[in-house]
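Structure at a glance
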Amino acid sequence: MSHTAHIPSHRKPRQRTSKSALRAGVAGGVLSTIAVAGAAGPAQAEPVTQTIEMPTITSGLSTAVAASAQATQQVALDLETQAREDAAAESAAKKAKKAKAEAVRKAEAEKKAEAAAKARAEAEAKERAERASRTAERTTLSAPSSSSSDNSASASASSSAPSSSSNATGSAAAIVAFAKAQVGDAYISGGTGPNAWDCSGLVQAAYRTVGIDLPRVSQSQSTAGTQVSLDNLQPGDILYWGGAGSAYHVAIYVGDGQFVGAQNSSTGTVQRSMDYDRPSGAVRVL
């Protein structure tokens, strides 16, 4: 036995075999990769001898741009055309509305004119009917008895004849003057002046100038005084048409066989002969 057999060794233990094998495998793999890469590459690189030209797209692009511009222009034209059509339609609608309004206005004016003409015709027809009625209703007064003497007959005729306006004095003259001054004024139902009258309104105003306050309506005015004969009238007497107390028209006797009265809307205030429309009776207030 050696004298060193039991002495422990102080050397480091050798690495394991597995670690050595791993290192060897890694080194071999790297070398193998390098070898494969060398085998896969081209044996000899060839120099570039030509240039590859890209396809030209200028022609197609310009065509597309032109088409787009044309489409945009067409849209603009369509919009402008539509705007003009809308404006024309709006203008036509306004003109049609204005024409309709004008037609309605003309129709209304024609309707009013027809109504006015109809009213005038009715008023004239009513006046003719009233004259005919008054003629039928008036009482024929008896003539004065004749005298055997020519002088008596002349005196009787003179006394029965209506007085002339030249004989009007005082209040009667003032009433006659007022009535004549209103000739030409308009007639309006319910009118009391100063420029438009109805029949009783004119009579009432004439008597008011001398301080006499008559009733307002013709029915009452026909009984406001003393009944007198139509053959014995004096200026200022009130003439009436219809019955006493139911008269539908009045006027003022102004002498010389004439009267002044507010007749109707067609004639207005007029001075007429009693033969034009003979009254039914008369009353004397003065």
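Note on numbering: residues in each chain are counted from 1, in written sequence order. Per-residue local features are limited, in this predicted model, to residues with pLDDT of at least 70; the limit for side-chain atom pairs, both in listing and counting, is 80 or more; totals at the level of whole chains, interfaces and linings are taken over all residues. Only heavy atoms go into the side-chain values, all of them from the structure, while hydrogens and water stay out.

On to the sheet that holds strand 5 (residues 249–255). Through backbone hydrogen bonds, the strands of a sheet pair up, either in parallel or in antiparallel fashion. Two strands form a pair only when DSSP identifies at least two bridges running between them. Counting from the N terminus, the helices are DSSP H or I runs at least four residues long and the strands are E runs at least two residues long. The antiparallel open sheet is built from six strands, whose spatial order is 3-8-4-5-6-7. The open sheet has two edge strands with one neighbour each: strand 3 (226–228) and strand 7 (268–273). Recorded for the sheet is a direction-independent mean angle of 35 degrees between the axes of neighbouring strands. Any two residues whose heavy atoms approach within 4.5 Å are treated as being in contact. The convention used is that axes are lines fitted to C-alpha atoms, helices contributing only their stretch in contact, and that angles between N-to-C directions extend from 0 to 180 degrees. Those strands touched by helix 4 (residues 170–181) are strand 5, strand 6 (258–264) and strand 7, and its axis lies near 115 degrees from that of strand 5. Contacts between helix 5 (residues 199–208) and the sheet are confined to strand 4 (238–241), strand 5, strand 6 and strand 7, with strand 5 contributing the most and set at about 45 degrees to the helix.

Formed by 20 residues in total, the largest nonpolar core has its most connected members in V203, Y207, I238, V250 and I252. Sorting the residues of this core by element identifies helix 4, helix 5, strand 4, strand 5 and strand 6 as the ones contributing at least two each. The dominant element in this core, judged by the number of residues it contributes, is helix 5, at six residues. Ignoring any residue separated from it by four or fewer positions in sequence, one finds V203 in contact with L214, Q221, I238, V250, A251 and I252. Counting residues in hydrophobic clusters, the runner-up holds 10 residues, among them V228, L233, Y253 and F259. We call a set of buried Ala, Val, Leu, Ile, Met, Phe, Trp, Tyr and Cys residues a nonpolar core when their side-chain atoms join them within 4.5 Å. Under the scheme applied here, a residue whose accessible area is under 20% of the maximum for its type counts as buried, over 50% as exposed, and between as partly exposed, the area being computed with a 1.4 Å probe on protein chains only.

This part takes up the pairing of strand 6. With six of seven residues buried, strand 6 is to be regarded as a mostly interior element. Relative to strand 6, strand 5 is paired through three bridges, and the arrangement is antiparallel. From the neighbouring strand, G255 faces strand 6, where its bridge partner is Q258. Where strand 5 hands over to strand 6, the hairpin turn is made up of two residues, of which D256 adopts a positive phi near 60 degrees. The pairing of strand 6 with strand 7 spans six bridges and is antiparallel. Looking at strand 7, one finds that F259 is bridged to R272. Counted between consecutive antiparallel strands, the loop separating strand 6 from strand 7 contains three residues.

Another point: helix 4. One less than the residue count of a helix, multiplied by 1.5 Å, gives the span that helix is expected to have. Across its 12 residues, helix 4 extends 17 Å between first and last C-alpha, which sits within 8% of the 16 Å expected from 1.5 Å per residue. For helix 4, the set of buried residues is A172, I175, V176 and A179. What you see down the axis of helix 4 is that its buried residues fit within an arc of 95 degrees, all on one side. Opposite its buried face, helix 4 presents the exposed residues G170 and A181, each directed more than 90 degrees away. The arc in question is formed by the directions pointing from the helix axis toward the C-beta atoms.

Between rings of Phe, Tyr and Trp, where Trp is taken as its six-membered ring, a pair exists when centres lie within 6.5 Å; planes separated by under 30 degrees are stacked, by over 60 edge-to-face, and by other angles tilted. Under the counting rule described, the total for this entry stands at two aromatic pairs. When the centroid spacing of 6.0 Å and the interplanar angle of 85 degrees are considered together, the rings of F178 and W197 count as edge-to-face. Pair noted here: F178 is in helix 4 and W197 is in strand 2 (residues 196–197), with a separation of 19 residues, a long-range link. Owing to a relative accessible area of 21%, F178 belongs among the partly exposed residues under this scheme. Aromatic side chains W241 and F259 sit 5.4 Å apart centroid to centroid with 65 degrees between the ring planes, which places their arrangement in the edge-to-face category. Residue W241 is located in strand 4, and its partner F259 is located in strand 6; the two are separated by 18 residues in the primary sequence. Throughout this description, the term charge over a ring refers to an Arg CZ or Lys NZ atom that lies within 6 Å of the ring centre and within 35 degrees of the ring normal. A cation over a ring is seen here: R272 above Y276, with NZ or CZ 4.4 Å from the ring centre.

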